[in-house]
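# Close look at the chain arrangement
Okay, here's what each chain looks like letter by letter:
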Amino acid sequence: MFTNKANGFKYWDVKDVYSPCEYSARADFWEDSEEVRHWWDGPICFPGDSNVVRSDDGWNKGEVDSMNSSFLNNFILQQEMVDQSFVGGSYTWSNNHVDPFLCRLDKFLFSVDFDEAFPNALQIELTRTVSEHNPLMNLKHIVKPWGFTEFGAVSNEKSCSLNRLVN
């Protein structure tokens, strides 16, 4: 649980998720996620690996598994979540074959009030190194207008800090 006084939220929450690969367990996973959302009535973010794509444009080959996609799409719709697009690529997972199967399994899902509080957010796909997943970085809570108020008084702050240490 986090607090952020700048945007008026007293509390907001982040719940990391990983959907099971076993098809039979996925319905329970999405039901549990709905329970978490109902329990927490404030701004919330669900980052993680959903092990599902939302539609055919979420991967480069084949057809979408409509039953599995409906779990995710229904959760987003019924819980009023936002599936923010990202920059840097179209897919977050690869099977690493010569002719790879690519899809977007990883995502950040935000409640509408969380998304509205951070309108200048960026979700960036980073370069994959070891895993078959590309890491995502979300700059939702640190994006703000930078300028003199953030960096302009660095030398002054350094001098004041040094003076406090010496004296």
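Here we summarise the structure given alongside this text.

Reading the values: rules and limits
- Along every chain, residues carry numbers that run from 1 in the direction the sequence is written.
- Under the rules for a predicted model, residues below a pLDDT of 70 receive no local features and side-chain atom pairs below 80 are neither given nor counted, while totals for whole chains, interfaces and linings still include all residues.
- Note that the side-chain values use all heavy atoms of the structure and ignore hydrogens as well as water.
- Between Lys or Arg on one side and Asp or Glu on the other, a salt bridge is scored when a side-chain nitrogen of the former is within 4 Å of a carboxyl oxygen of the latter.
- Per the convention used, a helix needs a DSSP run of H or I reaching at least four residues, while a strand needs a run of E reaching at least two, with both numbered from the N terminus.
- Partly exposed describes any residue whose relative accessible area lies between the buried limit of under 20% and the exposed limit of over 50%, with all areas from a 1.4 Å probe on protein chains only and scaled to the type maximum.
- Strands are treated as partners if at least two bridges between them are detected by DSSP.

### A closer look at the pattern of salt bridges
- Applying the stated criterion across every chain yields a total of three salt bridges.
- Across the pair aspartate 83 and arginine 54 runs a salt bridge whose closest N-O atoms are separated by 3.5 Å. Note that aspartate 83 is positioned in strand E5 (residues 81–83) and arginine 54 in the loop between strand E4 (44–49) and helix H2 (66–78), a separation of 29 residues in sequence.
- Overall, the relative accessible area of 33% leaves arginine 54 in the partly exposed class.
- A salt bridge links aspartate 99 to lysine 61; the shortest N-O distance between them is 2.9 Å.

### Concerning the pairing of strand E8 (residues 106–111)
- By the criterion of burial, E8 is predominantly enclosed, with six of the six residues buried.
- Here E8 shows two buried faces, one formed by Asp106, Phe108 and Phe110 and the other by Lys107, Leu109 and Ser111.
- Sheet analysis places E4 next to E8, joined by five bridges and oriented antiparallel. Paired with glycine 48 across the bridge in E8 is lysine 107.

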